[in-house]
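# A structural walkthrough
The lines below spell out each chain.
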Amino acid sequence: FGMNTRTIMQSTGFTALPDQWRSYVTLTIKSVAVSSVVITLFAASMNLLSSYSYWWDELYTITASRESFMTMLRYVFGDVHPPFYNILMWVWVRLFGDAEFFARAFSWLAVSGSIFAIIMLARTFQPPIRYFILIIYGCTWTVPYYAQEVRSYALLLFLSCITLYLFITRRNFWGLIASTIALGLTHFFGTVMAGLVLLWVFIDNIRDVKKTCASVAAAFVIVLWPLAMIIFGNATSRTGGSFWITSDGPLDTISKAMQAAFPLLERDFWSWFWTISSFVPGPRLFKIVLLLGVIAATARILKPRLVLSTSDQAPLIKSLYLTLGILTIPLLIDLHTPISTTRNFIVVIPPAITMTGIVLGIIARCSVFRSGMMTALVCYYFAASQPIMWAQLQAKWRPHQNWKEASRFAIDHINENSDINVYYLQRGEKVSSWMQMNHNYYLNVLGHPEINLAPLFADDVDSLTAHWLILAGHSEKEMHALFNRLEEARKTYSVYYPRQSWRESVAVIYSDEK
């Protein structure tokens with residue numbers, strides 16, 4: 001990563017260590033850092049060559065990308081995300097097609113770019129900080145996981161890494177402005193991070209008219225889309241808990257953020273903490289505040305013994321500012337309209353791991369014991385995080401929802417019954433043309449565009465004739481509600497479930513008579 005052994009030995013972090021310890025610690029953390037990068041890239045590439053079925057959210061991206069540019073924008077405007085990712089995918093599909101391999105390759109390139117950006121960012125720090133950052137980045141399952149989906153999260157991660165790199169290094173102001181605009185128009189959690197960066201840039205360059213005007217103009221471009229959604233779209237109809245996302249309060253939001261950036265801590269830390277704190281009276285929020293107080297007191301005690309170089313101060317403050325901002329703003333919004341999910345918090349990974357790497361590196365400096373302990377801690381964290389990452393990636397060894405296999409079964413069944421009526425199960429109260437395209441997508445891809453599934457609402461099953469087939473993709477609860485309606489209407493039916501991770505999420509329901 002750009003430094004020879006002599007440079008490493010002479011760096012701030014290891015000058016006070018004996019030669020034998022310095023060599024051992026350096027070799028250990030450098031080896032683990034390289035392993036982290038290699039394993040993350042391998043995990044991201046694991047299913048690149050497979051062509052398993054898209055699942056529902058991916059189908060939204062693909063079907064919109066096959067339409068004309070204005071039709072695609074109209075569909076996206078009615079969705080819940082900004083348009084930048086869909087615009088790029090619209091171009092990508094026209095260049096490379098909409099096959100699973102080529103469409104997912106875009107996300108793989110974005111995640112690979114994020115790894116390169118993290119390496120560039122890590123190189124701006126002295127050891128051991130640079131290695132700690134790289135090691136911790138390899139402990140987050142969300143990085144390789146979303147390299148294998150046709151969704152905006154891989155691009156969101158890449159842009160957050162690039163934005164953080166330019167924000168901390170201050171090497172290219174106009175590049176930073178461009179990256180914040182792209183980040184803010186990719187996902188609304190990216191809008192949060194972009195807004196925080198632009199606010200800092202505005203205040204930091206308050207005497208520079210050109211730069212302050214540029215930051216204001218960038219913010220204006222970013223907010224145009226959400227403002228249009230609020231004024232002309234249906235964004236307000238999804239507020240106040242009317243959307244599918246739920247939240248159990250501030251601790252739930254914090255847990256989702258930790259699951260994205262520090263999955264091992266989220267899994268083990270809370271159980272340990274609640275067990276230990278059970279002896280302390282008071283609500284959970286009070287115990288969290290008490291924990292923060294203990295951390296602050298510990299930092300105060302250790303402060304005289306810590307070596308904080310001038311080159312680390314600004315990156316630490318900036319990464320802490322972004323981490324707290326990205327956590328706090330969604331937390332406050334969740335109190336009215338839940339918006340937080342683990343995948344949305346993928347944007348917090350770069351600043352959170354940078355902040356953590358700097359803190360651990362500062363603690364490790366100038367002490368044989370502390371250097372050994374921090375190195376052992378980070379290496380243990382990396383090793384213990386791998387089972388979590390691979391357990392999550394196992395879900396990628398087969399499709400979440402196997403629309404392709406379900407469509408193939410539907411085609412075979414339709415060919416055996418020429419007079420059959422075919423439907424898809426319509427969600428909501430109105431017919432959605434976008435939803436209809438999703439259900440018909442694999443029928444077209446498999447060479448049967450003449451089959452056109454008609455919408456069917458669950459309450460209309462009484463109108464089904466003798467021979468019928470329904471292609472349905474819903475939650476398990478909604479699926480069983482449909483089965484109950486069919487039984488109430490005295491319809492005899494069979495169900496086919498394709499091979500998929502979410503077993504009852506996609507099904508072909510058809511009448512028993514032939």
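### Quick look at the overall build of the protein
Scanning the protein for helices and strands turns up 21 helices and five strands. When each of the 514 residues of the protein is scored for burial, the buried share is 53%. Considering only intrachain contacts with a sequence separation of at least 6, the fraction spanning at least 24 residues in the protein is 76%. When the accessible surface of the protein is summed, it comes to about 23400 Å², and 64% of that surface belongs to carbon and sulfur atoms.

### Quick word on the sheet that holds strand β5 (residues 506–511)
Sheet architecture is open: five strands sit in the order β2-β1-β3-β5-β4, paired in mixed fashion. Of all the strands in the sheet, just β2 (454–456) and β4 (493–496) have a single pairing partner and so form its edges. The sheet shows a mean angle of 30° between the axes of neighbouring strands, taken without regard to direction. Strand direction decides the pairing type here: β4 and β5, joined by four bridges, are antiparallel. Directly across from Y493, in β5, lies its bridge partner S511. Strand contacts of helix α21 (residues 476–488): β1 (421–425), β3 (468–473), β4 and β5, with the helix running at about 10° to β5, the strand carrying the most contacts.

### Regarding the packing of aromatic side chains
Following the criterion strictly, the structure yields 25 aromatic pairs and no others. Here the aromatic rings of Y54 and Y441 are separated by 6.1 Å at their centres, their planes lie at 55°, and the arrangement is tilted. Highlighted residues: Y54 in the loop between α2 (19–45) and α3 (56–65) and Y441 in helix α20 (residues 433–445), separated in sequence by 387 residues. You can call Y441 buried: its relative accessible area is 4%. Ring plane angle 25° and centroid distance 5.1 Å describe the contact between Y75 and W434, whose orientation is recorded as stacked. Within this pair, whereas Y75 is found in helix α4 (residues 69–77), its partner W434 is found in helix α20, the two being separated by 359 residues in sequence. The two residues Y75 and W434 agree in class, both being buried.

Criteria and cut-off values
- Once a new chain begins, its residue numbering starts again from 1 and follows that chain's sequence as written.
- Local features are withheld for residues below a pLDDT of 70 in this predicted model, meaning they are given only at 70 or higher, and side-chain atom pairs are given and counted only at 80 or more; totals for whole chains, interfaces and linings count all residues.
- Where side-chain values are given, they derive from all heavy atoms of the structure, hydrogens and water being excluded.
- What counts as a helix is a DSSP run of H or I of at least four residues, what counts as a strand is a run of E of at least two, and both are numbered from the N terminus.
- Think of it in three bands: with a 1.4 Å probe and only protein chains considered, a residue is buried below 20% of the maximum accessible area for its type, exposed above 50%, and partly exposed in between.
- Throughout, a contact is declared for two residues whenever any of their heavy atoms are within 4.5 Å.
- For accessible areas, the Shrake-Rupley method is used with a probe of radius 1.4 Å. Any residue's cover is judged against the shown protein chains and nothing else.
- Should DSSP find at least two bridges between two strands, the strands are regarded as paired.
- What counts as an axis is a line fitted to C-alpha atoms, over the stretch in contact for a helix, and the angles between N-to-C directions run from 0 to 180 degrees.
- Paired rings are identified among Phe, Tyr and Trp, the last through its six-membered ring, by centres lying within 6.5 Å, and are further divided according to the angle between planes into stacked (under 30 degrees), edge-to-face (over 60) and tilted (the rest).

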